[in-house]
Amino acid sequence: QCLASPAYLHHLAESNVLSSPSFLSYLRYLRYWKRPEYVRFIIYPHCLYFLDLILENETFRREMGNVGFRNFVHEQQFYSWQFRSERLCGRGAHKAVLPQVMGGGNEGGAVVDNGAVEENVDQTEARMSLGSSGSSA
């Protein structure tokens, strides 16, 4: 599952391990992890995607030695996980940009759930009304 780490792939590329025929043979052997009886134990599924890329794409193996490409792959992996978690959690329908909610511009771009913001505002207003009625008594 270490193959899911772009930093580790970069290390292997810099060490010329990704171009070694014996290492590529070992990676071909590891493809058995894609079978249903084994894939259920995979925690980082990107390792299987990168496994195929390493074996089938010589350009990918060569470019992983480039720090800029490693960073690009890492960013894309992050966006993939972010999108995947949003889709799995069903949070993709009610979005607002955080700076707009906070009265700011568009510079931050952080995303929050509108329902959660409205709930927090309602709870804060309720606490404030309780606090003001409690202090006047």
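These numbers come from a predicted model, not from an experiment. (Residues numbered from 1 in each chain as written. Predicted model: local features only at pLDDT ≥ 70, side-chain atom pairs only at ≥ 80, totals over all residues. Heavy atoms only, no water.)

Applying the stated criterion across every chain yields a total of 11 aromatic pairs. Where Phe-60 meets Phe-69, the ring centres are 5.9 Å apart and the plane angle is 75°; that geometry is what we call edge-to-face. For Phe-60, a relative accessible area of 7% puts it in the buried group. Of the aromatic side chains, those joined through ring pairs into one cluster are Phe-23, Tyr-26, Tyr-29, Tyr-32, Trp-33 and Tyr-38. (Phe/Tyr/Trp six-rings, centres within 6.5 Å; stacked < 30°, edge-to-face > 60°. Buried < 20%, exposed > 50% of the residue type's maximum accessible area, 1.4 Å probe, protein only.)

With that settled, consider the pattern of salt bridges. The tally for this structure, following the rule as stated, stands at 4 salt bridges. Residue Asp-52 pairs with Arg-31 through a salt bridge whose shortest N-O separation is 3.4 Å. Of this pair, Asp-52 sits in helix α4 (residues 46-56) while Arg-31 sits in the loop between α2 (21-29) and α3 (36-39), and the two are 21 residues apart along the sequence. For Asp-52, a relative accessible area of 16% puts it in the buried group. Asp-52 serves as the salt-bridge partner of Lys-34, at 2.4 Å between the closest nitrogen and oxygen. On the criterion of sequence distance, the pair formed by Lys-34 in the loop between α2 and α3 and Asp-52 in helix α4 is long-range, its members being 18 residues apart. When salt bridges that share partners are traced, they join Arg-31, Lys-34, Asp-52 and Glu-56 into one network. (Salt bridge = Lys/Arg side-chain N within 4 Å of Asp/Glu carboxyl O. Helix = DSSP H or I, 4+ residues; strand = E, 2+ residues; numbered from the N terminus.)

Once that is clear, we can look at the nonpolar core. Counting 20 residues, the largest nonpolar core has Leu-3, Leu-9, Leu-27 and Ile-54 as its most contacted members. Contributions of two or more residues to this core are made by α1 (6-14), α2 and α4. The biggest single contributor to this core is α4, with 6 residues. Leave out the neighbours within four places in its chain, and Ile-54 touches Leu-3, Leu-9, Leu-18, Leu-24, Leu-27, Phe-60 and Arg-61. (Core = buried A, V, L, I, M, F, W, Y, C linked by side-chain atoms within 4.5 Å. Contact = heavy atoms within 4.5 Å.)

Moving on, we get to the layout of surface pockets. Of the voids in this model, the largest pocket is the one considered here, and its volume is about 240 Å³. Lining the largest pocket are 13 residues, with Gln-1, Cys-2, Leu-3, Leu-30 and Trp-33 positioned closest to its centre. Among the secondary structure elements, those contributing two or more residues to the lining of the largest pocket are α2 and α4. For the lining of the largest pocket, the per-class residue count stands at 12 nonpolar, 1 polar and no charged. (1 Å grid on protein atoms, 1.4 Å probe; cavity = no way out; pocket = protein on both sides within 12 Å on 5 of 7 lines; lining within 4 Å. Points joined across faces, edges and corners; volume = space filled by probe spheres on them. Nonpolar A, V, L, I, M, F, W, Y, C, P; charged D, E, K, R; others polar.)

All right, on to α4 then. Burial runs high along α4: 8 of the 11 residues are buried. Every buried residue of α4 is accounted for by His-46, Cys-47, Leu-48, Phe-50, Leu-51, Asp-52, Ile-54 and Leu-55.

Here the focus is the environment of Cys-47. Locating Cys-47 in the fold gives a position in helix α4. Overall, Cys-47 belongs to the buried group, its relative accessible area being 6%. Sequence separation between Cys-47 and Cys-2 is 45 residues; the distance between their C-alpha atoms is 6.9 Å. Sequence-distant contacts of Cys-47, defined by excluding residues within four places in its chain, comprise Gln-1, Leu-3, Ala-4 and Ile-42.

To continue, consider the packing of α2 against α4. It is at 10 Å that the axes of α2 and α4 come closest, and there the two elements cross at 140°. In terms of orientation, α2 and α4 fall into the oblique class. Along this stretch, α2 crosses α4, giving a crossing that reads as left-handed. Counted together, Leu-24, Leu-27 and Arg-28 of α2 and Leu-51, Ile-54 and Leu-55 of α4 form the full contact between these two elements. (Axes fitted to C-alpha atoms, helices over the stretch in contact; angles between N-to-C directions. Parallel < 35°, antiparallel > 145°, perpendicular 65-115°, else oblique. Left-handed = near helix turned anticlockwise from the far one by under 90°.)

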